[in-house]
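Examination of the molecular architecture
The lines below spell out each chain.
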Amino acid sequence: MADLWQSAMDHAVAVARKAGQVVGKALHDDRKVMTKSSSVDLVTQTDQKVEQLIIRSVKEKFPTHRFIGEESVAAGESCVLTDEPTWIIDPIDGTTNFVHTFPFVAISIGFSVNKEVEFGVVYSCLEDKMFTARRGRGAFCNGAPLQVSEQTDIKQSMVATEFGSSRAPETVEKIFCSLRNILCIPVQGVRGAGTAAINMCLVASGCVEVYYEIGTHVWDVAAGSLIVTEAGGVLMDVEGGDVDLMSRKIVAANSKTIAERIIEEIAAFSPPRDDVLPQHQ
Ligand SMILES: O=P(O)(O)O[C@H]1[C@H](O)[C@@H](O)[C@@H](O)[C@@H](O)[C@@H]1O
Ligand SMILES: [Mg+2]
Ligand SMILES: [Mg+2]
């Protein structure tokens, strides 16, 4: 049977690497920082330039495909996932890191058909680590197979999370309530790369047992979601049950046991879904 999507994935890897070169060159140059949903939700000209580079390059090769791009949605385009082949793009995951030259910045490209992620590419461009996964064919970093951690004891686990971009007191309170509950299990450590996509690749790599966050967007997690599951990990909603990549809530873990143990400690809340409200709100 013809492999329909390999050429698309090869293109995603090539354009992610090219985008990573643009990001690397701009790291110390692009000082025009703008804001979106809050004063700490940053975007730069490089985010916008990289997204346009990726979309233009894909359109040349796959003119009928659709796109969900972080900065296109911020500019008012719809964020509705159909059954059509769709490229789900975060041109810079870790924009705050990029602005502060904190060395974890990723280009994240997920590819969905019939609302199922067929491949995911996350390029940690400052580390030169290309994370890839094809559905049913495993997950890799620079070609080396990835496998989640075999740790079953939450008290011997490392947890990753992010504080997101809301500073609303009630949201901050929930975030810190979850963090306090989890720290006091106790877990051995809590880390955040500052990018959802790289946090998920750390789960896939076995460095972190579980990553959770409330506030992510579909473009942050689409590619990483497949990299985690193809490395043997699981995805769940923060309140248990199946993950919904549009729900802005995610738990990515090495096992259901660890995921469910963390879910017990999360003070859940529900931000507006990606596919309901315009993203600038
Ligand atoms: O840098 P961004 O593309 O805005 O992604 C953010 C993400 O939206 C947020 O939920 C957190 O995961 C941050 O670590 C990401 O950088
Ligand atoms: Mg992002
Ligand atoms: Mg981004």
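Remember, predicted model here, so these are calculated numbers, not experimental data. (Residues numbered from 1 in each chain as written. Chains lettered and ligands numbered in written order. Predicted model: local features only at pLDDT ≥ 70, side-chain atom pairs only at ≥ 80, totals over all residues. Heavy atoms only, no water.)

Thoughts on the pairing of strand β6 (residues 116-124)
- Taking burial as the measure, the 9 residues of β6 include 8 buried ones, the bulk of the element.
- What sits between strand β5 (residues 106-113) and β6 in their antiparallel hairpin is a turn of 2 residues, with Asn114 showing a positive phi close to 50°.
- With 6 bridges connecting them, β6 and strand β7 (residues 129-134) associate as antiparallel partners. Along β7, the bridge assignment pairs Tyr123 with Met130.
- Hairpin geometry of β6 and β7 is characterised by an intervening segment of 4 residues between the two adjacent antiparallel strands and by a positive phi of about 55° at Asp128. (Buried < 20%, exposed > 50% of the residue type's maximum accessible area, 1.4 Å probe, protein only. Helix = DSSP H or I, 4+ residues; strand = E, 2+ residues; numbered from the N terminus. Pairing = 2+ DSSP bridges.)

Looking at unusual backbone geometry
- Omega for the peptide link from Ile185 to Pro186 comes to 0°, which places this bond in the cis form.
- On the secondary structure map, Pro186 appears in the loop between α5 (169-183) and β11 (189-191).
- Unusually for a residue other than glycine, Lys115 sits at a positive phi of about 65°.
- Take Lys115: it is sitting in the loop between β5 and β6.

Let's talk about the site of ligand 1
- In the neighbourhood of ligand 1, 14 residues make up the surrounding shell, with Asp93, Gly94, Thr95, Gly194 and Glu213 lying closest.
- The contact in question runs from an oxygen atom of ligand 1 to an N or O atom on the backbone of Gly94, over 2.8 Å.
- The fraction of the free accessible surface of ligand 1 (370 Å²) that becomes covered by protein chains is 88%.
- Counting residues per element, the shell around ligand 1 draws most heavily on strand β4 (residues 86-93), at 3 residues.
- Across the shell around ligand 1, the residue classes tally to 2 nonpolar, 6 polar and 6 charged. (Near = heavy atom within 4 Å. Polar contact = N/O pair within 3.5 Å; in protein donor to acceptor, adjacent residues only side chain to side chain. Areas by Shrake-Rupley, 256 points an atom, 1.4 Å probe, with all protein chains shown as cover. Nonpolar A, V, L, I, M, F, W, Y, C, P; charged D, E, K, R; others polar.)

Some words on the state of the cysteines
- For the structure on display, the rule yields 0 disulfides.
- Cysteine Cys177 is unpaired, with the sulfur of Cys184 as its nearest cysteine sulfur at 10 Å.
- Overall, the relative accessible area of 22% leaves Cys177 in the partly exposed class.
- Cys141 provides the cysteine sulfur closest to Cys207, a residue in no disulfide bond, and the two sulfurs are 9.3 Å apart.
- Judged by relative accessible area, Cys207 falls into the partly exposed class, the value being 46%. (Disulfide = S-S within 2.5 Å.)

Notes on the side chain of His65
- Within the secondary structure layout, His65 lies in the loop between α2 (45-61) and β3 (66-69).
- Within the structure, His65 has its side chain in polar contact with the side chain of Trp87 (distance 2.9 Å).
- His65 has contacts with Trp5, Pro85, Trp87 and Phe111, leaving out every residue within four places of it along the chain. (Contact = heavy atoms within 4.5 Å.)

Examining the coordination of the magnesium ion (ligand 2)
- Here the magnesium ion (ligand 2) is held by the protein donor atoms Asp90 (OD), Asp93 (OD) and Asp220 (OD), which lie 1.8 to 2.0 Å from it.
- Here the donor residues of the magnesium ion (ligand 2) share one chain and are spaced in sequence as D-x2-D-x126-D.
- Between the two metal centres, the magnesium ion (ligand 2) and the magnesium ion (ligand 3), the spacing is 3.5 Å, with Asp90 acting as a shared donor. Taken together, the positions of Asp93 in strand β4 and Asp220 in helix α7 (residues 218-230) put the pair 127 residues apart, joining distant regions of the chain. Summarising the burial analysis for this pair, Asp93 and Asp220 share the class buried. (Donors = N, O, S within 2.8 Å, 3.2 Å for Na, K, Ca; no water.)

Structural notes on the UniProt feature "binding site: Mg(2+) 2" (unreviewed entry) in the protein chain
- UniProt records the feature "binding site: Mg(2+) 2" (unreviewed entry) at Asp90, Asp93 and Asp220, using the numbering of this structure. In summary, the annotated positions, though distributed over 131 residues, converge in three dimensions, the widest C-alpha pair being only 6.6 Å.
- Contacts of Asp93, omitting those with residues within four sequence positions, involve Phe104, Val105, Ala106, Thr195, Ala196, Ala197, Ile198 and Asp220.
- Here the side chain of Asp93 touches Ala196 through a polar contact of 3.0 Å, landing on its backbone nitrogen.
- Judged by its relative accessible area of 9%, Asp220 is buried.
- Looking at Asp220, its side chain comes within polar contact range of the main-chain nitrogen of His217, at 2.7 Å. (UniProt positions renumbered as here; feature names shortened; annotations may be inferred.)

Observations concerning the coordination of the magnesium ion (ligand 3)
- Coordination sphere of the magnesium ion (ligand 3), protein contribution only: Glu70 (OE), Asp90 (OD) and Ile92 (O), at 2.0 to 2.2 Å.
- Sequence positions of the donors to the magnesium ion (ligand 3) reduce to the motif E-x19-D-x1-I.

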